[in-house]
Structure formats: C-alpha cells, structure tokens
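An overview of the molecular structure
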Amino acid sequence: MRIDWIRHGEVPGNRERRYVGVTEESLTPEGIRAARALHPARPDMVFTSPRLRCRETAELLYPGIEPIVIDEFAECDFGTFEYRNYRELAGNPAYQAWIDSGGRIAFPGGEDRAQFQKRCLAGFRRVVEILTERGLSHAALVVHGGTIMAVMDRLSCPHRDYYDWQCGNLACLVTRYADEELYWRTQSDRRMPGKGDRTEK
C-alpha cells in the first residue's frame, strides 16, 4: 500500500509556536493559499483527523473526495500546556520536568507519549483494515505533525526516532506499507529524514 502522510496547513497557533492540540482553529489565509497551490497525487481514499484544520486541508487538497474521519488521529492532548508557547511556559516547573524527560512524561492533565502513540497506531490499523477490505492500495492521511511522529517512530523502516519526524505545515511524506512497516522514501520538508529526495506529486 502507498500511504501519503500530509500535515495540515498553517493555523494561527502554528505561527505563534503554540502547543495546538484540542484547540479548533481554521487555516490562516496563507495556509489556504499554500494548500491550493499544491497538486498531490490523487489517492483512492482520504483519511483525516477530526480536527477542523485537518478537515479543511483535506478539502482543499482533494476536492471531490469525501474523507473518512479517524478519531484516533487527533493531535496529542497537551493538558495545561494547551495553546501556550515556550515563552509563556518558561519558568514553569512542570514544563521543565517535561523537557528534562525528553518529552516522554505526560503533559499535566493531558497524554503521555506512550498513550498518544498507542492511540495513533490504533487509528492507522483501522486505515489499513479499511483499505484491505475494499481492495485499495493508495491512501492520503491528512493529520497532525504529532500523529506522523507517533506512527513513524514505531513503524518506520529504516527507523528514525520520534523527534526526527518533525515536519512543517503541508509537508508530505510518501511511504509504502508492507509487513507491518512503513518504508519511507520521499518528503517535501527538509527537516524530515532523507532530505534531498524528490517529493512525488
């Protein structure tokens, strides 16, 4: 199966480097223009996170294809850090403890990485089941940067760690799924592994 992972377009919180998890925001005008300028390969099916920013991006990238919402693909619950940025959290002991843990402990009042990854992987397995049942081989997943990081850290081949998969808005990662692994080869964001590869359109 070919799985195209696309991070949603820019929202105001991204521009301000905020932790945007459960907060619902529409794309910025710049985010809308950037999405409209892209011409990704047309998949058999489109799947999205339930968050508005992902659903809006999917509609812009794949007009005429009704996406299937996968609730498990929602961004991480950042708890008390929600919609705050590092400047606002500076000096917060809980924030420093989270940084010192390498981002592994739970956000206060939110999820920890293990919970988040388990949820995202369950969502991805749902996608695979749907594609298999319908005999389809190409899907686009319009999700969050965190969702991509969570799944690729567990399934990427060759393997790259969680934070190696950070990506910009509208970055696209093309993977092939086989034998319960995601073989990655191309991407558009230079902060993703394998920079220099050509992104398929």
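Up top you'll find the structure we're talking about.
All figures in this text were calculated on a predicted structure; none of them were measured in a lab.

A word on unusual backbone geometry. Most peptide bonds are trans, and most residues other than glycine sit at a negative phi. Along the chain, Cys157 connects to Pro158 via a cis peptide bond; the corresponding omega equals 0°. Positionally, Pro158 belongs in the loop between strand E5 (156-157) and strand E6 (172-178). At Asp179, a residue that is not glycine, the phi angle is positive and equals roughly 55°. Tracing the backbone shows Asp179 in the loop between E6 and strand E7 (181-187). Positive phi, close to 65°, is recorded for Glu180, a residue that is not glycine. Within the fold, Glu180 resides in the loop between E6 and E7. For Glu180, a relative accessible area of 62% corresponds to the exposed category.

On to the layout of surface pockets, then. One number sums up the size of the largest pocket: a volume of about 960 Å³. Along its surface, the largest pocket is lined by 34 residues, and Arg7, Arg18, Tyr19, Met149 and Gln166 are the ones closest to its centre. Where the lining of the largest pocket is concerned, the elements lending two or more residues are helix H1 (12-15), helix H5 (93-100), helix H6 (113-134) and helix H7 (145-155). For the lining of the largest pocket, the residue count by class is 14 nonpolar, nine polar and eleven charged.

Next up on the list: the side chain of Arg18. Looking at where Arg18 falls in the secondary structure, it is placed in the loop between H1 and helix H2 (29-37). A polar contact of 2.9 Å, which involves the side chain of Arg18, links it to the side chain of Glu88.

Moving on: the pattern of salt bridges. Inspection of every chain in the model, using the stated rule, returns eight salt bridges. When the shortest N-O distance is used, the salt bridge between Asp4 and Arg2 registers 2.8 Å. Looking at Asp4, the relative accessible area reads 2%, which means it is buried. Note on Arg2: relative accessible area 11%, which makes it buried. Its salt-bridge partner being Glu30, residue Arg15 comes within 3.1 Å of it at the nearest N-O pair. Within this pair, whereas Arg15 is found in helix H1, its partner Glu30 is found in helix H2, the two being separated by 15 residues in sequence.

Taken together, the buried positions of helix H3 (residues 52-61) are occupied by Arg53, Cys54, Thr57, Ala58 and Leu61. For H3, the angular spread of the buried residues around the axis is 130°, confining them to a single face. Those residues of H3 that are buried lie in contact with strand E1 (2-7), H2, strand E2 (45-48) and strand E4 (138-143).

Rules used throughout
- Residues numbered from 1 in each chain as written.
- Predicted model: local features only at pLDDT ≥ 70, side-chain atom pairs only at ≥ 80, totals over all residues.
- Heavy atoms only, no water.
- Helix = DSSP H or I, 4+ residues; strand = E, 2+ residues; numbered from the N terminus.
- Buried < 20%, exposed > 50% of the residue type's maximum accessible area, 1.4 Å probe, protein only.
- 1 Å grid on protein atoms, 1.4 Å probe; cavity = no way out; pocket = protein on both sides within 12 Å on 5 of 7 lines; lining within 4 Å.
- Points joined across faces, edges and corners; volume = space filled by probe spheres on them.
- Nonpolar A, V, L, I, M, F, W, Y, C, P; charged D, E, K, R; others polar.
- Polar contact = N/O pair within 3.5 Å; in protein donor to acceptor, adjacent residues only side chain to side chain.
- Salt bridge = Lys/Arg side-chain N within 4 Å of Asp/Glu carboxyl O.
- Arc of directions from axis to C-beta.
- Contact = heavy atoms within 4.5 Å.

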